[in-house]
Amino acid sequence: GALFSQQAAQHATSNTGDSLKAASAAYQLAAGTFAYVRDHIRPLVLTPTTPDLSCECLNAIVNMMLGQAQALFTEKAIQDKMRAAVVAKLAASAADYFQHALRIMQSDLSEYFDKHPLVAVVQTQVHMASAQAQYYQSTAALEASKYGEQVARLQLALHHSAEAVKAAAKATNILKEAANRLHSLVERGLQSAIKDNNTIYHEVVPAVGTLALVEKKSMVQPKGAPDIVPQPPASDPWRLIPVHVQRAFTQYQELVNKTAAELTDEMDTQTAFAKSKLQQHNLPEAANIDPRAPVLPDRLIAAVAEIQHQSGPIPVSSSFA
């Protein structure tokens, strides 16, 4: 998964149509690889793992990879000069993937990701994608002669782009530059739209909270890499068991192993104590008997006969008091 994400980052640097497609495909392969680990390998691990290998963290990583892939689809749609409404839907879907990853980081894994630099990166991506969605939806509103809605959506886009600039202050320089460019673009668009509406159209600008949500259109999904991550056979019954049941079974197995280890330690302690008592009374090494033996060994039979010869087990038991 990490290898595919690195390949995707290298492809994305050239920013051409073909490289964006290759980068998006690589991010989807990364998502598929991490999803495979989450769904098929992690449930089989019986020992505790670090938080980055938890199902929650892997789920966050899958959504981050899909968000990156969808964001590249959005960028290519912009380069191809696709309709503004289509670009808005693509950007809204990218924001949804990033938002899902961020929600996991700030809830299920809040302790692990506390002050982690990756949080700032994902926050920046959430607001940048949201700003793009509102910006291009405002263009669609303009094309439909909805000038008041155009202004309102640009106001919302400006809010998101400003939040992106703020979050990017703790992220990478590349994200800082991208967030600043987007913020400037939205700011110029809003100033122009306000001017046109005030001087020409005079439409009422609706409250931002009354705007309809931008529809989402996802173009990505986790993709498997058959040559690297072979799929399990369809007849494998483990695939039919829900993940939460597999997790509960794993926890049960851990408890069984822990209990068995504690009982084994206690048995060894008691065996050592009994052996020391037998040695104190100069009795045969009856404590060295293999408990897995299917029949009573000759040494034990001889030991019992000797005890019986010495007036039976009562004198021996009284010595343990």
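The coordinates are above.
Parameters at a glance
- Residues numbered from 1 in each chain as written.
- Predicted model: local features only at pLDDT ≥ 70, side-chain atom pairs only at ≥ 80, totals over all residues.
- Heavy atoms only, no water.
- Helix = DSSP H or I, 4+ residues; strand = E, 2+ residues; numbered from the N terminus.
- Buried < 20%, exposed > 50% of the residue type's maximum accessible area, 1.4 Å probe, protein only.
- Contact = heavy atoms within 4.5 Å.
- Patch = residues over 30% accessible without salt bridge, like charges linked within 9 Å, V, L, I, M, F, W, Y side chains within 5 Å.
- Areas by Shrake-Rupley, 256 points an atom, 1.4 Å probe, with all protein chains shown as cover.
- Salt bridge = Lys/Arg side-chain N within 4 Å of Asp/Glu carboxyl O.
- Phe/Tyr/Trp six-rings, centres within 6.5 Å; stacked < 30°, edge-to-face > 60°.
- Axes fitted to C-alpha atoms, helices over the stretch in contact; angles between N-to-C directions.
- Parallel < 35°, antiparallel > 145°, perpendicular 65-115°, else oblique.
- Left-handed = near helix turned anticlockwise from the far one by under 90°.
- Nonpolar A, V, L, I, M, F, W, Y, C, P; charged D, E, K, R; others polar.
- Lys, Arg positive; Asp, Glu negative; His and termini not counted.
- Charge placed at Lys NZ, Arg CZ, Asp CG, Glu CD.
- Expected span 1.5 Å × (residues − 1).
- Polar contact = N/O pair within 3.5 Å; in protein donor to acceptor, adjacent residues only side chain to side chain.

*Asks:* Which residues make up the overall build of the protein chain, and what values do they have?
*Replies:* A count of helical and extended segments in the protein chain gives 10 helices and zero strands. Of the regular secondary structure in the protein chain, the N- to C-terminal order runs α-α-α-α-α-α-α-α-α-α. For the protein chain, buried positions account for 36% of its 321 residues. Sequence-distant contacts in the protein chain: of pairs separated by 6 or more residues, those separated by 24 or more amount to 73%.

*Asks:* I'd love a proper account of a nonpolar patch on the surface, names of residues and values included.
*Replies:* Where nonpolar side chains cluster on the molecular surface, the patch consists of Phe249, Tyr252 and Val256 and spans about 280 Å² of accessible area. The residue phenylalanine 249 is located in helix α8 (residues 243-280) in this model. We classify phenylalanine 249 as partly exposed; its relative accessible area is 39%.

*Asks:* Explain the packing of aromatic side chains to me, and be specific about the residues and the numbers.
*Replies:* Under the definition given, this model contains two aromatic pairs. With a centroid separation of 5.2 Å and 85 degrees between ring planes, the pair formed by tyrosine 135 and tyrosine 136 is classed as edge-to-face. Grouping residues by exposure puts tyrosine 135 and tyrosine 136 together as buried. Centre to centre, the rings of tyrosine 147 and tyrosine 201 are 3.4 Å apart; their planes meet at 5 degrees, and the pair counts as stacked.

*Asks:* Kindly report on the packing of helix α5 (residues 117-143) against helix α7 (residues 173-201), identifying the contributing residues and their values.
*Replies:* In a pair of packed helices, the angle between the axes and the distance between the axes together describe the arrangement. It is at 11 Å that the axes of α5 and α7 come closest, and there the two elements cross at 25 degrees. One finds that α5 runs roughly parallel with respect to α7. Both α5 and α7 take part in a crossing whose hand is left-handed. Contact residues: Val121, Thr124, Gln125, Met128, Ala131, Gln132 and Tyr135 in α5; Leu175, Ala178, Ala179, Leu182, Leu185 and Val186 in α7. Grouping the amino acids of the contact of α5 with α7 by side-chain chemistry returns 10 nonpolar, three polar and no charged.

*Asks:* Account for the pattern of salt bridges, with residues named and values stated.
*Replies:* Side-chain pairing between opposite charges can occur once the charged atoms of the two side chains come close. Within this structure, the stated rule accounts for five salt bridges. Here aspartate 39 ties to arginine 38 by a salt bridge, and the two come within 2.8 Å at their closest N and O atoms.

*Asks:* Residues and numbers for a negative patch on the surface, please.
*Replies:* On the surface, a cluster of negative charge is contributed by Glu262, Asp265, Glu266 and Asp268. Turning to its location among the elements, aspartate 268 is positioned in helix α8. Judged by its relative accessible area of 43%, aspartate 268 is partly exposed.

*Asks:* Run through unusual backbone geometry, naming residues and quoting values.
*Replies:* The backbone of lysine 81 shows a phi angle near 55 degrees, a positive value even though the residue is not glycine. Mapped onto the secondary structure, lysine 81 falls in the loop between α3 (55-79) and α4 (84-106). Note on lysine 81: relative accessible area 74%, which makes it exposed. For serine 145, which is not glycine, the phi dihedral falls at a positive 60 degrees.

*Asks:* Provide a residue-level description of the environment of leucine 118, including the pertinent values.
*Replies:* Among the structural elements, leucine 118 can be located in helix α5. Look at leucine 118 and you get partly exposed, because its relative accessible area is 27%. Residues leucine 118 and threonine 172 lie 54 residues apart in sequence; the distance between their C-alpha atoms is 9.8 Å. For leucine 118, the residues in contact, after removing those within four places along its chain, are Met64, Met105 and Phe113.

*Asks:* For the packing of α4 against α5, give the residues involved together with the corresponding values.
*Replies:* Here α4 crosses α5 at 155 degrees, and the two axes come no closer than 8 Å. With respect to each other, α4 and α5 are oriented roughly antiparallel. Here the hand of the crossing between α4 and α5 comes out left-handed.

*Asks:* Could you give an account of α3, naming the residues involved and the relevant values?
*Replies:* The end-to-end C-alpha distance of α3, which contains 25 residues, comes to 36 Å, matching closely the 36 Å that a straight helix rising 1.5 Å per residue would cover. Just past α3, the residue lysine 81 takes up positive phi, approximately 55 degrees.

*Asks:* With reference to specific residues and values, describe the side chain of asparagine 197.
*Replies:* When you line up the elements, asparagine 197 lands in helix α7. For asparagine 197, a relative accessible area of 3% corresponds to the buried category. Side-chain polar atoms of asparagine 197 contact the backbone oxygen of glutamate 203, separated by 2.9 Å. Discounting chain neighbours no more than four positions away, the residues touching asparagine 197 are Tyr147, Gly148, Val151, His202, Glu203 and Val205.

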